[in-house]
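Listed below, chain by chain, are the residues.
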Amino acid sequence: MGALETLSIMGMPVHSGTHYADWLLLRQQQGLGAQVITLNAEMAMQADRNPQLKHLIQTIELVIPDGAGIVLYFRLKGKRIRRSPGIELAEALLSAPGERTAFFFGAAPGTAEAAARVWQQRCPHLSVVGTQHGYLTPEDADALVEQLQAKQPQLIFVALGVPRQEFWIAEHRHLCPHSIWVGVGGSFDIWAGTKDRAPAWFCEHHLEWLYRLYQEPWRWRRMLALPKFAIRALTYSGYSDST
Ligand code: UDP
């Protein structure tokens, strides 16, 4: 397993490597938990405007390059890195060899359960010890905290959208200090079959965002972040940016 190389974009770290799941699981064997952020252009732009989000990205254990914009930025800077979609990291963690417990929190009612059923069937060595949809009443929130504290799942996936899931994890990770916590956006919807992932051709040509726009046209306004990101990233002159 190779070491991770820390790069920098707009004053934020990006860890480049190939075996993130192994890296996280090895750390976990050593008793160390982690929060993972899957950085894309839209999130980098949010962080540029939101110092709290930027600070979180600067301080957590692992930031993976999820998004064509991030990869293309480094390519323009002469550094080739591999894109690592968050959903693929989550899948690698769930299907890694060995007995493992997981918890799925987020998405619409029914979706986390459906996603959990898919994974229980796919991986007999995996035990999804709990699910909770992402539209909590105060009572649900208390019950969720109790469940997490009691079950100490090894993998905790949180699908509340960016940046709500990142802040929620930061606030609650002390409940399960040895867990691997990952904000997974729309992954439960994809596992449950309520949304599709872009076909491979789109991913290979860095056009996953275009497929997403076709599936969810109401996102067009959010996607205006992409050209703004290109300008901001390439003209950013923070003290720590380097490749
Ligand atoms: N979601 C949720 N609670 C909320 C808001 C959103 O559980 O209060 C879920 C939503 O149902 C969806 C996921 O969060 O399953 C967000 O997915 P999206 O693809 O929009 O993630 P993003 O692109 O924002 O990371």
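Residues numbered from 1 in each chain as written. Predicted model: local features only at pLDDT ≥ 70, side-chain atom pairs only at ≥ 80, totals over all residues. Heavy atoms only, no water.

Visitor: Can you walk me through the sheet that holds strand β6 (residues 126-132) in this structure?
Guide: Remark on secondary structure: sheet strands pair via backbone hydrogen bonds, oriented parallel or antiparallel. Ordered in space as β4-β3-β8-β7-β5-β6, the 6 strands form an open sheet in which the pairing is parallel. Of all strands in the sheet, those bounded by a partner on one side alone are β4 (62-65) and β6. Adjacent strand axes in the sheet meet at a mean angle of 20 degrees when their direction is disregarded. Strand direction decides the pairing type here: strand β7 (residues 155-159) and strand β8 (residues 180-183), joined by 4 bridges, are parallel. The residue of β8 that forms the bridge with Ile-156 is Trp-181. Along the sheet, helix α1 (residues 20-29) makes contact with β3 (34-39), β4, β5 (100-106) and β8, crossing β4 at roughly 170 degrees. Sheet strands touched by helix α8 (residues 164-172): β3, β5, β7 and β8. Its angle to β8, the strand with the most contacts, is close to 160 degrees. (Pairing = 2+ DSSP bridges. Helix = DSSP H or I, 4+ residues; strand = E, 2+ residues; numbered from the N terminus. Axes fitted to C-alpha atoms, helices over the stretch in contact; angles between N-to-C directions. Contact = heavy atoms within 4.5 Å.)

Visitor: I tried to follow the site of the ligand on my own but got confused; where do I start?
Guide: Surrounding the ligand, one finds 16 residues, the nearest of these being Ala-107, Gly-134, Arg-164, Asp-189 and Arg-212. Tyr-135 is positioned such that a nitrogen or oxygen atom in its side chain is 3.0 Å from an oxygen atom of the ligand. A distance of 3.2 Å separates an oxygen atom of the ligand from a polar side-chain atom of Arg-222. In isolation the ligand offers 550 Å² of accessible surface; the protein chains occlude 81% of this area. Residues that form the shell around the ligand fall into these classes: 6 nonpolar, 5 polar and 5 charged. (Near = heavy atom within 4 Å. Polar contact = N/O pair within 3.5 Å; in protein donor to acceptor, adjacent residues only side chain to side chain. Areas by Shrake-Rupley, 256 points an atom, 1.4 Å probe, with all protein chains shown as cover. Nonpolar A, V, L, I, M, F, W, Y, C, P; charged D, E, K, R; others polar.)

Visitor: I'm lost on the pattern of salt bridges in this one. Help?
Guide: A pair can form between side chains of opposite charge whenever their charged atoms are brought close. If you walk through the whole model with that rule in mind, you get 11 salt bridges. Asp-48 is the salt-bridge partner of Arg-232, the closest N and O atoms lying 2.4 Å from each other. Placement of Arg-232 in helix α13 (residues 225-235) and of Asp-48 in helix α2 (residues 41-49) is noted, with a sequence separation of 184 residues between them. The closest approach of N and O atoms between Glu-216 and Arg-212, which form a salt bridge, is 3.1 Å. Classification of Glu-216 by relative accessible area gives buried; the value is 5%. Residues participating in the shared-partner salt-bridge network are Asp-66, Arg-83, Glu-88, Arg-197 and Glu-208. (Salt bridge = Lys/Arg side-chain N within 4 Å of Asp/Glu carboxyl O. Buried < 20%, exposed > 50% of the residue type's maximum accessible area, 1.4 Å probe, protein only.)

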